[in-house]
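These are the residues of each chain, in order.
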Amino acid sequence: MEAQSALVTLTVSAPILASDPLLALVASIAPPYQTKVAIIKKGSDLSLSIGADSSASVITHRNAILRSLCGLGLHNALDTIGSSPLCFLGGHSATSFAGASPTSAIAMAGISSWMSVADSTRQGTADDASVLIGQLNDYLSSRSFLVPSSTPTVADFDLYLAIVGKLSGEALETSVNGYNNTRRWLEQCGATLDELKIVAAKNAAYSKVPAATIPKGLNPKPRPLPLFFYGEEDESVVAAAAAATSAATKAGGAKPGKAAAATSNDGGGGGLTDEEKKAAADKKAAKNAAKAAKKKDNPKKGGGGGAAAAAELNISALDIRVGKIIKAWEHETADKLYCEEIDVGEDKPRQIASGLRPFYKLDEMQNRDVLVLCNLKPMNLVGFPSHGMVLCASNADHTAVEFAVPPEGAKIGERVTFEGFDGEPEAQNKVAKKKIFQALAPDLKTDENGMVNWKGAKSVTSAGQCKAVNGMANAQVA
C-alpha cells in the first residue's frame, strides 16, 4: 500500500490562529498525513490549498476552509469519514452531502447558514448574543442541534464559541436563565469541545499547532434526581424522603427511584399507612386554607407582586424613535460593521454601529430614515462606541435582513409607540440590568404585510405605521 502524502495545506498566521479557537482546534486535530499546517508568524494569511501542483485550488474564506477541513463540501478534501474526530458533520458523510441524501443536503445548507449567523454574532454586541439565546430556545425546542443531526456539527461549535465569546460568567448565566433548551445545547457543545481538546492535546506532538484557548461557557447545572409522591404528603415527609434518597445515592446503596417508591407506597420500607395519608391530606388542606385567607387579607404581600410586575412589562418600556442616517462609513477593522451618525432629534447625532455590511452597500446607508432603539446601554463594538441599535427585520437564520422604517412624513426624533401601550420608556440602566429588551424582542415582529407589530399591536407614528422596507413578512425585528 502506498504511503499517503498531505492532501491539503492550511496556511495561517499566528495572530489569526490565536484569535480563532475553532480554527485552532480543527488545525490541531487534523491528521498530519492529510493536512499540512504552515504557520506564519505575522500578518493575516489564511488559505487552504487542495493539491500540490499548479492546478491546485485555493480557498481563502474562513468558513469554507473549516467546512472543507471537516469533510464538508464539493472538495471533499479529507478522507475523515467514520473514523476521525475531525468529522464535525453530525454523523453525515461527505458523499451524502454532495447530493446522495436530501436530508444531508438540507443539513449542508443549514451548516453554512448557521456559520453565517455565528459571523454576525461575533461582530455584534453582548446584547445581540443575549437576544439570540432567547430566539434559539424556541428553535431548539424540537431539535438537539442546529441541523438534523445526532451530534454537534461544526456549525454548533462555531455559534457556541461566538456566543460565549460575547457572554461569559454571570452575564451568560443571566442571559440563559429560563431558556432551558438553549442551556441544554450550550452545555452539550461545551462538553463535546472539552472532549475534543483532549484529542488535540494528544496530537500536540505532531500537529505543532498551539493549544486552542476555548472560552469558558456554562457550569453544567446538576439535574435533580427523581422523587415520586402521591401529592398528599406533609412537607416533613417529603423532606425526609429527599434526605433518605440523597443519603442512599451518596452511599451507593438503593437507587433513587426505589428509595422514593418505598417512601410513597404502602407496605415495607417505611411507607405511609392509609391513616397517615389522610392525616397528611387534612393537614395540607388546612395549611392551604390558612395561606389563602392570609393572601386575601394582605393582597400586596407574598409572591403575587413579582408576577404582577412581570405581567405589566410591555413594549412601552422601549424608547424607539424615528431617525435619519446622516453619515455612514465602514468600520476600520470589523468587516461586518458600518459606523453611523444618526439624527434622532437630540442636540447632536448619535454614533451607532450596525452589522449591515453583508446586506447593504455603503451608498444605500446614506440619508436613510430608520428606527432606532435609544435606551440601550452604550456598548463598544470592536472599539467603536455605539449608543443605540438600528432596528431591522430578518428571517430565522439571519440570511436576509432589511431595515425597519418609519412611514413617509414621520418626524425625525418622534417616538414610535404601539396601540394600547402608552407608558413611558424605562431608563437605560434598568433596560440593561433587567434584560427588558431581551424579554420583549421575541414578540416584536412584522405581520403578513410586513408591518411592524408587538403582540399584534400596531406601531404608531404621526404619519402612520412602521414597516420592513421591502415588506418582509412574519420576520423578527431587532
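Residues numbered from 1 in each chain as written. Predicted model: local features only at pLDDT ≥ 70, side-chain atom pairs only at ≥ 80, totals over all residues. Heavy atoms only, no water.

If you look the protein up in an unreviewed UniProt entry, it shows as Methionine-tRNA ligase from Skeletonema marinoi.

**Here's the deal with the pattern of salt bridges**
Overall, the coordinates contain 12 salt bridges when judged by the stated rule. Two residues, arginine 321 and aspartate 319, come together in a salt bridge whose shortest N-O distance is 2.8 Å. One exposure class covers both arginine 321 and aspartate 319, and it is buried. Connected through shared salt-bridge partners, Asp20, Arg62, Asp119, Arg122 and Asp158 make up one network. (Salt bridge = Lys/Arg side-chain N within 4 Å of Asp/Glu carboxyl O. Buried < 20%, exposed > 50% of the residue type's maximum accessible area, 1.4 Å probe, protein only.)

**Topic: the packing of helix H2 (residues 21-29) against helix H3 (residues 62-69)**
Relative orientation and spacing of two packed helices are given, respectively, by the angle between their axes and the distance between those axes. Where H2 meets H3, the axes come as close as 11 Å, and the angle between the chain directions of the two elements is 30 degrees. If you check the angle between H2 and H3, you find them roughly parallel. Our pair here, H2 against H3, has a crossing hand that is left-handed. Contacts between H2 and H3 involve Leu22, Leu23 and Val26 from the former and Arg62, Leu66 and Leu69 from the latter. Here the residues of the contact of H2 with H3 sort into 5 nonpolar, no polar and 1 charged. (Axes fitted to C-alpha atoms, helices over the stretch in contact; angles between N-to-C directions. Helix = DSSP H or I, 4+ residues; strand = E, 2+ residues; numbered from the N terminus. Parallel < 35°, antiparallel > 145°, perpendicular 65-115°, else oblique. Left-handed = near helix turned anticlockwise from the far one by under 90°. Contact = heavy atoms within 4.5 Å. Nonpolar A, V, L, I, M, F, W, Y, C, P; charged D, E, K, R; others polar.)

**What to know about the environment of leucine 373**
Looking at the secondary structure, you find leucine 373 in strand E8 (residues 369-373). Residue classification places leucine 373 among the buried positions, given a relative accessible area of 1%. Between the C-alpha atoms of leucine 373 and alanine 478, which are 105 residues apart in sequence, the distance is 9.0 Å. The contacts of leucine 373, once residues within four sequence positions are left out, are Leu318, Asp319, Ile320, Gly388, Met389, Leu391 and Phe437.

**Side note on the nonpolar core**
Counting residues in hydrophobic clusters, the biggest one holds 55 residues, and the most contacted among them are Leu136, Leu159 and Trp185. The biggest single contributor to this core is helix H7 (residues 154-166), with 9 residues. Not counting residues up to four positions away in its chain, the partners in contact with leucine 136 are Trp114, Leu146, Leu159, Ile163, Thr182 and Trp185. Grouped together as the second largest cluster of nonpolar side chains are 30 residues, Val131, Ile315, Leu371 and Phe418 included. (Core = buried A, V, L, I, M, F, W, Y, C linked by side-chain atoms within 4.5 Å.)

**Side note on helix H6 (residues 126-139)**
An ideal rise of 1.5 Å per residue puts 20 Å on 14 residues; H6 measures up with 20 Å between its terminal C-alpha atoms. Counted residue by residue, H6 has 10 buried out of 14 residues, so it is predominantly covered. Those residues of H6 that fall on the buried side of the exposure criterion are Ala126, Asp127, Ala129, Ser130, Val131, Leu132, Ile133, Gly134, Leu136 and Asn137. Looking at where H6 begins, the residue whose side-chain oxygen comes 3.3 Å from the main-chain nitrogen of aspartate 127 is threonine 125. (Expected span 1.5 Å × (residues − 1). Polar contact = N/O pair within 3.5 Å; in protein donor to acceptor, adjacent residues only side chain to side chain.)

**Focus on the sheet that holds strand E3 (residues 46-50)**
Pairing within the open sheet is mixed, and its 4 strands lie in the order E2-E1-E3-E4. The open sheet has two edge strands, strand E2 (35-40) and strand E4 (57-59), and neither has a second partner. For this sheet, the mean angle separating the axes of adjacent strands, direction not counted, is 20 degrees. Bridging between strand E1 (residues 8-13) and E2 involves 6 bridges; their strand directions are parallel. (Pairing = 2+ DSSP bridges.)

**Comments concerning the pairing of E3**
With 5 of its 5 residues buried, E3 lies for the most part within the structure. Burial along E3 is two-sided: the residues Leu46, Leu48 and Ile50 and Ser47 and Ser49 are all buried. Two strands pair when backbone bridges link them, and E1 and E3 are joined in this way by 5 bridges, in the antiparallel orientation. By the bridge assignment, valine 12 is partnered in E3 with leucine 46. Across 3 bridges, E3 lies against E4 in antiparallel orientation. Bridge assignment links serine 49 to a residue of E4, and that residue is valine 58.

**Focus: the pairing of strand E7 (residues 350-354)**
Within E7, 4 of the 5 residues are buried, leaving the element largely enclosed by the surrounding structure. Where strand E6 (residues 338-343) lies against E7, 5 bridges are found, and the strand directions are antiparallel. Across the sheet, residue glutamate 340 finds its bridge partner in E7, namely isoleucine 352. In sequence, E6 turns back onto E7 through a hairpin of 6 residues, with glycine 345 there showing a positive phi of about 85 degrees.

**Some remarks on unusual backbone geometry**
Of note in this structure, asparagine 367 is not a glycine but carries a positive phi near 55 degrees. Within the secondary structure, asparagine 367 is located in the loop between helix H14 (362-365) and E8. The exposed category is assigned to asparagine 367, whose relative accessible area is 55%. The residue valine 382 is not glycine, and still its phi comes out positive at about 50 degrees. Summarising the element assignment, valine 382 is placed in the loop between strand E9 (379-381) and strand E10 (384-386).

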